[in-house]
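# Summary of structural features
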Amino acid sequence: MLTINELDELDKRILQQLQKDASLTNHELALRVHASAPTCLRRVKRLTDEGIISRQVALLDASKLGAGLTAIVEITLGHQATEKLVEFEQLVAQEGAVQQCYRVSQGPDFVLVIQVADMAAYHALAHRLFATHANVRNVRSFFSILRSKFETAIAL
């Protein structure tokens, strides 16, 4: 398994370019990172095989697709046994509106990032996932009024 210390400058340039635009052709990528196309192709394959590139996706504008409300939700469970934590994670993993789920320390057990159409959709989701789940002890929700920064790139 490759680590950050084993990545050379070419690997880092490739990763930086792909984080900006994963739709680049191999030829375009090679030109941008100043490498030959075959070298670039080998490097991308290696970075993918090693799991450093975990997947390539398109980022969509939620507000243009009718999912303009972002909720950041803290969840505290009544019982924190490992099987109870995993059970909750499996429950939220099935919900498409839950974009991110983090098990956290110091405070709540989980922090979720949820993207829904509006407050009515959030209320329905909260009822379905939280109010009817016997082990959910506390829910604290925050609603985004402005997203001033959103990045997916990791600094290399």
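Note that this is a predicted model, so its numbers are computed, not measured.

A tally of helices and strands in the chain yields five helices and four strands. Here the chain has a C-alpha radius of gyration of 20 Å; the compact-globule value for 156 residues is 15 Å, and the former is much larger. Projected onto the principal axes, the alpha-carbon positions of the chain cover approximately 55 × 35 × 25 Å. Split into buried and exposed, the 156 residues of the chain put 31% on the buried side. Sequence-distant contacts in the chain: of pairs separated by 6 or more residues, those separated by 24 or more amount to 63%.

Bringing the packing of aromatic side chains into the picture now. Enumeration over the complete set of coordinates arrives at two aromatic pairs. Here the aromatic rings of Phe88 and Phe110 are separated by 4.9 Å at their centres, their planes lie at 40°, and the arrangement is tilted. Of the two residues, Phe88 is situated in helix α4 (residues 82–93) and Phe110 in strand β3 (residues 110–116); the sequence distance between them amounts to 22 residues. Considered together, Phe88 and Phe110 belong to a single accessibility category, that of buried residues. Pairing Tyr122 with Phe143 gives two aromatic rings, centres 5.1 Å apart and planes at 85°, and the pair type is edge-to-face. Of this pair, Tyr122 sits in helix α5 (residues 119–131) while Phe143 is found in strand β4 (residues 136–143), placing the two residues 21 residues apart along the sequence. Sitting over the face of the ring of Phe150, Arg147 holds its NZ or CZ atom 4.2 Å from the ring centroid.

What follows is about unusual backbone geometry. Apart from glycine, the bulk of residues carry a negative phi angle, and the bulk of peptide bonds sit in the trans form. A positive phi angle, near 60°, is found at His34, a position not held by glycine. One can find His34 in the loop between α2 (26–33) and α3 (37–49). In this structure His34 comes out as exposed when scored by relative accessible area, which is 68%. In this structure, Gln106 takes a positive phi of about 55° despite not being glycine. Topologically, Gln106 is positioned in the loop between β2 (98–103) and β3. Gln106 sits in the exposed class, given a relative accessible area of 79%.

The next subject is the environment of Ala62. When you line up the elements, Ala62 lands in the loop between α3 and β1 (69–77). Along the primary structure Ala62 and Ile72 are separated by ten residues, whereas in three dimensions their C-alpha atoms are 15 Å apart. Setting aside its immediate chain neighbours within four residues, Ala62 contacts Ala67, Gly68 and Gln115.

As for its position among the elements, Arg43 is in helix α3. Since its relative accessible area comes to 19%, Arg43 is described here as buried. Here Asp11 takes part through its side chain, which lies 2.8 Å from a polar atom of the side chain of Arg43. Discounting chain neighbours no more than four positions away, the residues touching Arg43 are Asp8, Leu10, Asp11 and Ile14.

Within a regular strand, the side chains alternate between the two sheet faces. The element β3 is largely enclosed, with a buried count of seven among its seven residues. Side-chain alternation along β3 places Phe110, Leu112, Ile114 and Val116 on one buried face and Val111, Val113 and Gln115 on a second face that is also buried. As paired elements, β2 and β3 share five bridges and run antiparallel to each other. What sits directly across from Arg103, in β3, is Phe110. Here β2 folds back onto β3, and the loop between the two strands holds six residues, one of which, Gln106, carries a positive phi near 55°.

How each quantity is defined
Positions within a chain are numbered from 1, following the residues in the order the chain's sequence is written. Two thresholds apply to this predicted model, a pLDDT of at least 70 for residue-level local features and 80 or more for giving and counting side-chain atom pairs, whereas whole-chain, interface and lining totals are computed over all residues. Computation of side-chain values: all heavy atoms of the structure, hydrogens and water removed. Secondary structure elements follow DSSP: runs of H or I no shorter than four residues count as helices, runs of E no shorter than two count as strands, and numbering proceeds from the N terminus. Radius of gyration here uses only the C-alpha atoms, and the compact-globule reference equals 2.2 Å multiplied by the residue count raised to the power 0.38. Only protein chains enter the area calculation, which uses a 1.4 Å probe; residues under 20% of their type maximum are buried, those over 50% are exposed, and those in between are partly exposed. Two residues qualify as a contact provided that any one of their heavy atoms is within 4.5 Å of a heavy atom in the partner residue. Aromatic contacts are taken between Phe, Tyr and Trp rings whose centres are within 6.5 Å, Trp giving its six-membered ring; a plane angle under 30 degrees counts as stacked, one over 60 as edge-to-face, and the others as tilted. We call a charge positioned over a ring when the NZ of a Lys or the CZ of an Arg lies within 6 Å of the ring centre and within 35 degrees of the ring normal. In protein, a polar contact means a hydrogen-donor-capable atom and an acceptor-capable atom, both N or O and within 3.5 Å, with residues adjacent in sequence counting only if both atoms are side-chain atoms; elsewhere, any N or O pair within 3.5 Å suffices. The pairing criterion for strands is at least two bridges between them, as found by DSSP.

By themselves, these figures tell us nothing about what the structure is for.
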